[in-house]
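Working through the structure, step by step
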Amino acid sequence: MSAAAPLARRRVRTAWWLLLPTLGVLAAVAGWPLGRTVWFSFTDATLSDLASRQFVGLENYVGPGGVLRDPEWWNAVGNTLLFAGLSVSLETVLGLGVALLLDHPSRLKTLLRATLLVPWAIPTVVSAKMWSWMLHDQFGVVNHHLVASGLLAAPLAFTADPDLSLLTVVIVDVWKTTPFMALLILAALQLVPADCHEAARVDGVPAWRTFRYVTLPLILPAVAVAVVFRLLDALRVFDLIYVMTSNSRTSKSMSLYVREQLIDFQQVGYGSAAATLLFLVIALATAAWLLVARSRLRGTAP
């Protein structure tokens, strides 16, 4: 043990030396802009005159007109959390189902995998605009077929109706991002030892029990990682909502709120405070999910 300890310490030091260049790049690319944003959030800087900013402390956060006292901010927080919860949940369930189908031997497996990538490969702005045209209430193909088949009495403004806009955006996001979840879960399924399934078949265990007590616990860590990636992406959603619903209050996300303050109102200090709070919300939501996932993984561990 005494001989192994110095070797372990040398390996740790070597690892840190190898990580230093990467950490330096991250500090320059991500750390500096983040720190500058936090600093601006304590000032009254405007986009037209950044040089004459004055330090105002927590005024942009908790002042009379601060972000935390703005109902529009809390509306954006609610919209974002609802969007993230619905989209990530649906994408995980559908991705798991698609992955299970693709995991079975088939001559068309390669073709199906390539086809599955098409929605994910389309740029978000392109897919958002495409669906906006398809869902248009006047000339959209979706409304045309729904009315022609008798399912609707009149066309619906899917992206303009306050009761439908957020749900419509969720559905489009699920269509686009389910392939990402499916491929990550499929990779985990292919790492499950075949002996486990063979032993279950020999013992006459039903397929659903095999999935519940054998397959699912083995792929759960990979599913948890995939959910973290999607959660990070969903909480900072911007382009999909902006293209499909523009600046609608009923679907405004936190990122859209930040953009509105920074660009439309040119309030760099106030917008930076909103951006800092956006970062904190994403960090807290991700940390909460990691704690829940870790506790579940420990509970399912043998």
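Data block above holds the structure.
The structure contained in this document is the topic of the report that follows.

Considering the overall build of the protein chain
- Looking only at helices and strands, the protein chain features 12 helices and 0 strands.
- Walking the protein chain from its N terminus toward its C terminus, one meets helices and strands in the order α-α-α-α-α-α-α-α-α-α-α-α.
- Taking 2.2 N^0.38 as the reference for a compact globule, 302 residues should give roughly 19 Å; the C-alpha atoms of the protein chain span a radius of gyration of 24 Å, well beyond that estimate.
- For the protein chain, the C-alpha atoms occupy an extent of roughly 80 × 75 × 30 Å along the three principal directions.
- Within the protein chain, buried positions represent 33% of all 302 residues.
- Sequence separation of 24 or more characterises 65% of the internal contacts of the protein chain that already satisfy a separation of 6 or more.
- Of the roughly 17,800 Å² of accessible surface on the protein chain, a fraction of 69% belongs to carbon and sulfur atoms.
- Taken as two groups, the 23 positive and 18 negative side-chain charges of the protein chain have centres that lie 14 Å from each other.

Thoughts on the environment of S248
- Tracing the backbone through its elements, the reader meets S248 in the loop between helix 10 (239–245) and helix 11 (254–264).
- C-alpha of S248 to C-alpha of A160: the two residues are 88 residues apart in sequence and 8.1 Å apart in space.

Considering a nonpolar patch on the surface
- A surface patch of nonpolar side chains, amounting to about 750 Å² of accessible area, comprises V12, W16, W17, L19, L20, L23 and L26.
- With respect to the secondary-structure elements, L19 resides in helix 1 (residues 4–40).
- Overall, the relative accessible area of 42% leaves L19 in the partly exposed class.

With respect to the environment of V205
- Along the chain, V205 falls in the loop between helix 8 (194–202) and helix 9 (207–235).
- Placed 163 residues apart in sequence, V205 and F42 show a C-alpha to C-alpha distance of 62 Å.
- When neighbours within four sequence positions are excluded, V205 is seen to be in contact with A200 and T210.

A look at helix 7 (residues 165–189)
- Here helix 7 contains 25 residues, and its C-alpha end-to-end distance of 35 Å stays within 8% of the 36 Å for a straight helix at 1.5 Å per residue.
- Burial within helix 7 is extensive, with 19 of its 25 residues counted as buried.

Some words on the packing of aromatic side chains
- Inspection of every chain in the model, using the stated rule, returns 7 aromatic pairs.
- On the numbers, 6.4 Å between centres and 40 degrees between planes, the contact of F42 with F55 is tilted. Residue F42 is found in the loop between helix 1 and helix 2 (59–62), and its partner F55 is found in the loop between helix 1 and helix 2; the two are separated by 13 residues along the sequence.
- The partly exposed category is assigned to F42, whose relative accessible area is 24%.
- Of the residues examined, F55 reaches a relative accessible area of 57% and is grouped as exposed.
- An angle of 70 degrees between the planes, with centres 5.5 Å apart, marks the rings of W131 and W175 as edge-to-face. Pair noted here: W131 is in helix 5 (residues 124–134) and W175 is in helix 7, with a separation of 44 residues, a long-range link.
- Cluster of aromatic residues (ring-pair linked, three or more members): W39, F42, F55 and Y61.

Observations regarding the pattern of salt bridges
- Tallying each qualifying case throughout the model produces 7 salt bridges.
- Notably, a salt bridge pairs R249 with E72, separated by 2.7 Å at the nearest N-O pair. Residue R249 is found in the loop between helix 10 and helix 11, and its partner E72 is found in helix 3 (residues 71–102); the two are separated by 177 residues along the sequence.
- Connected via shared salt-bridge partners are E91, D173, R230, D233 and R236.

Definitions and cut-offs
- Residues numbered from 1 in each chain as written.
- Predicted model: local features only at pLDDT ≥ 70, side-chain atom pairs only at ≥ 80, totals over all residues.
- Heavy atoms only, no water.
- Helix = DSSP H or I, 4+ residues; strand = E, 2+ residues; numbered from the N terminus.
- Rg over C-alpha atoms; globule rule 2.2 N^0.38 Å.
- Buried < 20%, exposed > 50% of the residue type's maximum accessible area, 1.4 Å probe, protein only.
- Contact = heavy atoms within 4.5 Å.
- Areas by Shrake-Rupley, 256 points an atom, 1.4 Å probe, with all protein chains shown as cover.
- Lys, Arg positive; Asp, Glu negative; His and termini not counted.
- Charge placed at Lys NZ, Arg CZ, Asp CG, Glu CD.
- Patch = residues over 30% accessible without salt bridge, like charges linked within 9 Å, V, L, I, M, F, W, Y side chains within 5 Å.
- Salt bridge = Lys/Arg side-chain N within 4 Å of Asp/Glu carboxyl O.
- Expected span 1.5 Å × (residues − 1).
- Phe/Tyr/Trp six-rings, centres within 6.5 Å; stacked < 30°, edge-to-face > 60°.

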